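Spelled out, the chains give:
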Protein chains: 2
Amino acid sequence: MAEFLASELAALGAEVQQRPLGKQPGKEHLELPPVVIARYGNDKNKRTILVYGHYDVQPALKEDGWSTEPFKLTVDNHGRMYGRGSTDDKGPVLGWLNVIEAHKKAGVELPVNLLCCFEGMEEYGSEGLEEFIQSESKSFFKDADAVCISDNYWLGTEKPCLTYGLRGCNYYSISVSGPAQDLHSGVFGGSAHEPMTDLVHILSKLVDSHGNILVPGIMDLVEPLTEEENSLYPNISYTMDNLHESLGSQTSIHPTKEQTLMARWRYPSLSIHGVEGAYSAPGAKTVIPAKVIGKFSIRTVPNMESVDVNRLVFGYIKAEFAKLNSKNTLDVWLQHDGKWWVSSPKHWNFTAASKAVKQVFGVEPDMTREGGSIPVTLSFEQATGKNVLLLPMGSSTDAAHSINEKLDKRNYIEGTKLLGAYLHYVAEEPTKA
Amino acid sequence: MAEFLASELAALGAEVQQRPLGKQPGKEHLELPPVVIARYGNDKNKRTILVYGHYDVQPALKEDGWSTEPFKLTVDNHGRMYGRGSTDDKGPVLGWLNVIEAHKKAGVELPVNLLCCFEGMEEYGSEGLEEFIQSESKSFFKDADAVCISDNYWLGTEKPCLTYGLRGCNYYSISVSGPAQDLHSGVFGGSAHEPMTDLVHILSKLVDSHGNILVPGIMDLVEPLTEEENSLYPNISYTMDNLHESLGSQTSIHPTKEQTLMARWRYPSLSIHGVEGAYSAPGAKTVIPAKVIGKFSIRTVPNMESVDVNRLVFGYIKAEFAKLNSKNTLDVWLQHDGKWWVSSPKHWNFTAASKAVKQVFGVEPDMTREGGSIPVTLSFEQATGKNVLLLPMGSSTDAAHSINEKLDKRNYIEGTKLLGAYLHYVAEEPTKA
C-alpha cells in the first residue's frame with residue numbers, strides 16, 4: 001500500500017518520500033510500515049495545509065460474515081462500495097489524491113501548498129508515528145498553517161459535520177495462565193484451576209450490562225458536565241432512529257439522543273473485545289485452555305490521564321483476582337493508549353470547512369465530537385502548534401471496523417469536492433487565529 | 001482416513017465395509033464420515049470380540065502452539081511420537097491392525113473372531129453412531145461375546161489400568177446477540193448493550209475458581225459417596241506428583257490424591273471452553289462483536305440424567321440473563337450429550353485383560369474409572385447386552401486434545417502386545433459371566 005500511494009502521488013507531481021519508522025516494539029524482526037509523506041506545491045504566498053490519512057485497515061476475513069470478498073471493492077446497485085478500508089481510511093486518502101488530479105486535469109492551480117502524511121499503523125495505535133511527527137515538526141511539517149484529517153464519520157447519513165473533539169482509548173490485555181498446556185476437560189475438569197474460569201470472573205467485574213464502568217475511581221476522573229455544554233446537545237441533528245439504524249437493532253442503552261451523544265462523546269466506555277487462546281471456531285472442542293488473554297478497552301475523555309486510568313485498572317483487576325484465591329497466574333498490561341482531544345471550532349480552519357460544506361451540500365454542518373479515537377490528532381496539534389480540523393467523508397452507516405464496511409458513492413464524490421472546496425476557502429480566510 | 005483404514009484392513013484379509021451414516025444434522029449438505037466395520041475370522045468355535053476405535057481427531061493448528069507439525073508424525077530421541085491423534089485414537093486403532101498383522105506374519109492363528117467398528121465422528125459426539133450400533137446389534141454385531149475399547153489413558157505413566165467407569169458430557173452453547181453487525185467501540189461504546197458484556201456475566205455465574213458448579217440443583221443429582229466406594233481410592237496407584245506432572249504446573253484444586261480422583265471420576269465438573277464470534281487473534285481489535293457464542297460443558301456422573309441437567313442449566317441461565325435487564329437476545333442450547341457409564345470389573349472380559357497386563361507388563365492393573373466420556377461405551381453395552389472393557393494404550397502425559405499430543409513408543413509397542421495377549425486370554429477364559 002505504501003508503494004502504491006507513493007507512486008500515485010509521484011505520478012501526480014508531488015515530491016514523495018517513504019520514511020522508515022524502525023522496528024515494531026516487541027517484534028524486532030518486523031519493520032514498521034513506512035510513513036508516506038509528500039509535498040505538492042511550494043509557494044511562499046500560499047497557505048500550507050497538512051493532511052493526514054492512513055493506508056492500513058482493520059483485520060478482515062470473508063468467514064467473519066462478509067457478504068463480499070473484503071479485499072475486493074464491490075459496488076452494489078445502490079452505489080454502496082463495499083470493501084475493508086473503503087471508508088476507514090482509503091476512500092478519504094484517495095479523496096485528497098483526487099483533488100490534486102482534478103485540479104491538474106481542469107488546469108486550475110491548487111490554492112494552497114499541500115503536505116501529506118499517510119501512515120500504515122493507525123489501527124494498531126499509530127506505532128512510531130508520534131515520534132516521527134515530533135521530529136519532523138520543525139522540518140518537513142514546519143510550514144503547515146493548519147492540519148486537516150479526514151478519518152471519521154458523519155453523525156447520520158445526510159448532514160455533514162465538522163469534528164472538534166475525540167475520545168481517547170486505553171487498550172488492555174489480561175492474561176491468566178495455569179497448566180503448561182491445554183488440558184482434556186474430561187480428565188482434568190474439577191481437579192485443576194481453569195484459567196478461562198478465572199478470566200470470565202475478572203471480565204465480568206469490569207462493566208455492567210448497561211455500560212457502567214465498575215472499576216472504582218474511573219468516573220471521578222471525568223470532567224463534570226456544565227450547563228453550557230449541556231445546552232449544546234439538543235441542537236445536534238441526530239435521532240434515536242439514527243442510532244437504531246446504525247445498530248441495526250433497538251438495543252440502545254439510553255432513552256434520549258442527548259444521553260446517547262453524551263455517552264458517545266463526553267463519558268468513558270468499556271468494551272470487552274474477545275479472548276485469545278480459547279476455542280473460538282464453530283463446533284465443540286472439549287479443551288481447558290492453558291493460557292487465555294482477555295482484551296478490553298476504555299474510551300477516555302477529559303480529564304482522564306492514561307497513567308491514572310492504568311493505576312486504577314491494574315490495581316482493581318489484581319485485587320479482584322486475589323479474591324478468587326486461584327493458583328493460576330494473572331498479568332494485566334496496557335497494549336496501547338491514545339489521549340482524548342478537544343479543540344476550538346471557532347478557528348479559521350473550521351470556518352473555511354464550514355463554508356465548503358455549505359458550498360457542496362447546501363447546509364451548515366453540525367459541530368460535533370466523536371466517540372472514536374484518532375491519537376494523531378493530538379500529536380499533530382502538539383507538534384505543530386496549529387489548529388487541527390476533522391473533516392469526515394463517510395456516513396454513520398459505513399460500518400467501519402465491522403463486516404461489510406462500505407463507502408457510498410455520493411459520500412466519495414461529494415466528499416472529494418468538499419476536500420477541494422475546503423482548500424479554496426482555507427486560502428481565502430482573512431484572519432489567522 | 002476411512003479409505004485408508006478400509007484398505008489396510010482389506011489387505012490384512014478382513015471383510016471390510018464402509019457404511020454411510022447419512023447427513024450431518026443441521027448441515028444437510030455434508031455427509032457424515034462413514035463407519036468402517038470389518039470381520040476377521042468366522043469360526044463358530046471361537047469367541048467373538050468386538051473392538052471399537054475412532055479415526056477422527058480434535059482440531060489442531062501449528063499456531064495453537066505445537067512444537068511440530070500436528071499432522072506429521074514426529075518422533076523425538078526419547079521415543080515420543082508427536083502428532084494429532086497419535087494417542088487419541090489412531091495409535092490404538094493401528095494397535096489392533098498390528099495384532100492381526102503380527103499373527104499373520106508369525107503364522108499363528110488369531111484365537112478369536114474379531115469384529116471392528118471404527119468411526120469418524122467421536123470428537124463431535126459420535127454423531128449417527130448410536131443408531132448404527134443399535135441397528136447392527138442383531139446383524140453385524142450379533143456374534144459379539146464382549147466388547148473392548150482402547151480409547152483412554154493410564155492414570156500415570158508406568159502402571160496400566162483397566163477402566164470400568166466414565167463420566168458423561170453435556171456440551172452447551174450460549175449465544176448473545178444484539179446489533180445487526182459488529183460495531184466500532186469508539187462510536188457505539190457506552191450507548192449500546194454489548195453482547196460480550198452480557199456473555200461474560202453469564203459465564204461467570206456457572207462455576208467458581210475452585211471448580212464448584214454454581215447452577216443450583218446440579219449437585220443434588222449426584223449419587224452420594226458410600227463408605228465402600230470411599231475405601232477404594234487410597235489403593236489406587238496415583239500421586240499428586242502424577243497430577244502436577246500431567247498439568248505441568250502446581251495449579252491443582254484439591255490437596256489429596258483421593259479428592260483429586262473423586263473430582264475426576266465421581267463428581268461433575270464444568271469447563272468453559274471459549275467464545276465464538278469475538279476477536280481471538282493476537283493484537284488489538286477495537287470491535288464490539290454483534291453476536292458471541294460461549295461454550296461450556298458439564299461432565300456428568302451417576303445419577304445425573306441429561307434431561308434434568310438441561311432443565312436446570314437452561315432455567316438458571318435464562319434467569320441470570322433476565323437479571324441483567326439487557327435488551328440483547330440470549331439463547332442457550334445443548335450441542336451434544338453423552339451419558340456416564342459404570343460397569344462391573346469382575347466379568348471374564350476384565351479378568352482376561354488383567355492377565356494380559358500381568359503377562360506383558362509384569363504387574364496387576366489398577367481398576368479405574370475415568371473423567372472423560374466415551375459415549376459409545378454405553379451404546380455398545382446397551383445394544384449388545386455384553387460386557388464392555390476399556391483397555392487403554394496411552395499414558396497420562398499424552399496430552400490428548402492438547403497441543404503436542406504424543407504416544408510413547410513403549411506404550412505403542414507394549415500396548416500392541418497387550419491387545420494381542422488380551423485376545424489370547426479372552427479365548428481361554430472358562431466362564432461366561
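About the thresholds
- Residues numbered from 1 in each chain as written.
- Chains lettered and ligands numbered in written order.
- Predicted model: local features only at pLDDT ≥ 70, side-chain atom pairs only at ≥ 80, totals over all residues.
- Heavy atoms only, no water.
- Least-squares fit on C-alpha atoms with pLDDT ≥ 70 in both.
- Contact = heavy atoms within 4.5 Å.
- Pairing = 2+ DSSP bridges.
- Helix = DSSP H or I, 4+ residues; strand = E, 2+ residues; numbered from the N terminus.
- Axes fitted to C-alpha atoms, helices over the stretch in contact; angles between N-to-C directions.
- UniProt positions renumbered as here; feature names shortened; annotations may be inferred.
- Buried < 20%, exposed > 50% of the residue type's maximum accessible area, 1.4 Å probe, protein only.
- Buried area = accessible area lost by both parts, 1.4 Å probe.
- Salt bridge = Lys/Arg side-chain N within 4 Å of Asp/Glu carboxyl O.
- Polar contact = N/O pair within 3.5 Å; in protein donor to acceptor, adjacent residues only side chain to side chain.
- Domains from an automatic or database assignment.
- Nonpolar A, V, L, I, M, F, W, Y, C, P; charged D, E, K, R; others polar.
- Phe/Tyr/Trp six-rings, centres within 6.5 Å; stacked < 30°, edge-to-face > 60°.
- Lys NZ or Arg CZ within 6 Å of the ring centre and 35° of its normal.

Asker: Please give an account of the relation of the copies chain B and chain A that cites residues and values.
Answerer: Related by rotation about an axis and a shift along that axis, the two copies of the chain form a pair. If you rotate chain B by 180° and push it 0.0 Å along the axis, it lands on chain A with an RMSD of 0.0 Å. Both chain copies can therefore be described as sitting about a two-fold axis. Residue Val200(B), judged by its C-alpha, is the member of chain B lying nearest the rotation axis, at 2.7 Å. When the interface residues of chain B are mapped onto chain A, 100% of them are again interface residues, pointing to one common binding face.

Asker: Can you explain the sheet that holds strand β6 (residues 74-75) of chain B? Please cite residues and give values.
Answerer: Residues and elements named next belong to chain B. Reading across the sheet, the three strands line up as β6-β7-β20 and stay open at both edges, with antiparallel pairing between neighbours. Across the chains shown, the open sheet's two edge strands, defined by having one partner strand only, are β6 and β20 (406-408). Pairing of strand β7 (residues 80-82) with β20 involves three bridges; the strand directions are antiparallel. Of the residues in β20, the one forming a bridge with Tyr-82 is Lys-406. Contacts between helix α12 (residues 409-428) and the sheet are confined to β6, β7 and β20, with β20 contributing the most and set at about 65° to the helix.

Asker: Outline the UniProt feature "domain: Peptidase M20 dimerisation" (unreviewed entry) in chain A, supporting the account with residue identities and numerical values.
Answerer: UniProt feature "domain: Peptidase M20 dimerisation" (unreviewed entry): in the numbering of this structure it lies at residues 167-322 of chain A. With 34% helix and 21% strand, the stretch residues 167-322 of chain A has end C-alpha atoms that lie 32 Å from each other.

Asker: Can you tell me about unusual backbone geometry, naming the residues and giving the values?
Answerer: Residue and element names in this part refer to chain B. Residues Asp-88 and Asp-89 are joined by a peptide bond in cis, for which omega reads 10°. Asn-303 follows Pro-302 through a cis peptide bond whose omega is 5°. Relative to the helices and strands, Asn-303 resides in the loop between β15 (291-300) and α9 (306-324). A positive phi angle, near 60°, is found at Ala-399, a position not held by glycine. Structurally, the position occupied by Ala-399 is in the loop between β19 (388-390) and β20. Here Ala-399 falls in the buried class, since its relative accessible area comes to 10%.

Asker: Which residues make up the interface of chain B and chain A, and what values do they have?
Answerer: In this assembly, 88 residues from chain B lie in contact with 88 residues from chain A. Across the chain B to chain A interface the summed buried area is about 7,400 Å²; carbon plus sulfur atoms make up 52%. Where chain B meets chain A, there are zero salt bridges. At the boundary of chain B and chain A, one finds 56 residue pairs in polar contact (both at pLDDT 80 or more).

Asker: Run through the domain arrangement of chain A, naming residues and quoting values.
Answerer: All names here are of chain A. What the domain assignment lists for chain A is domain 1 (1-166 + 340-428) and domain 2 (168-222 + 267-338). Between the C-alpha centres of domain 1 and domain 2 there is a distance of 34 Å. Three residues, Tyr-124, Trp-340 and Ser-373, lead the burial of domain 1 against domain 2; their summed loss comes to 66% of the area buried on that side. Counting every contact that joins domain 1 to domain 2 gives zero salt bridges. Where domain 1 touches domain 2, the interface holds two residue pairs in polar contact (both at pLDDT 80 or more). When grouped by side-chain class, the residues that make up the side of domain 1 that touches domain 2 number five nonpolar, four polar and one charged.

Asker: An account of the packing of aromatic side chains is needed here, citing residue identities and associated values.
Answerer: All names here are of chain A. Inspection of the entire model under this criterion finds 16 aromatic pairs over all chains. Relative to Phe-141, the ring of Phe-132 lies with its centre 6.1 Å away and its plane at 80°, an arrangement referred to as edge-to-face. Across the pair, exposure class does not vary: Phe-132 and Phe-141 are buried alike. Aromatic pair Tyr-172 and Phe-296: ring centres 5.1 Å apart, planes at 25°, arrangement stacked. With Tyr-172 in strand β11 (residues 168-177) and Phe-296 in strand β15 (residues 291-300), the pair connects residues that are 124 residues apart, well separated along the chain. The class for Phe-296 is buried, based on a relative accessible area of 0%. Among the aromatic residues, those joined into a cluster by ring pairs are Tyr-52, Phe-132, Phe-140, Phe-141 and Phe-380. Sitting above the plane of the Trp-348 ring, Arg-47 keeps its charged end 3.9 Å from the centroid.

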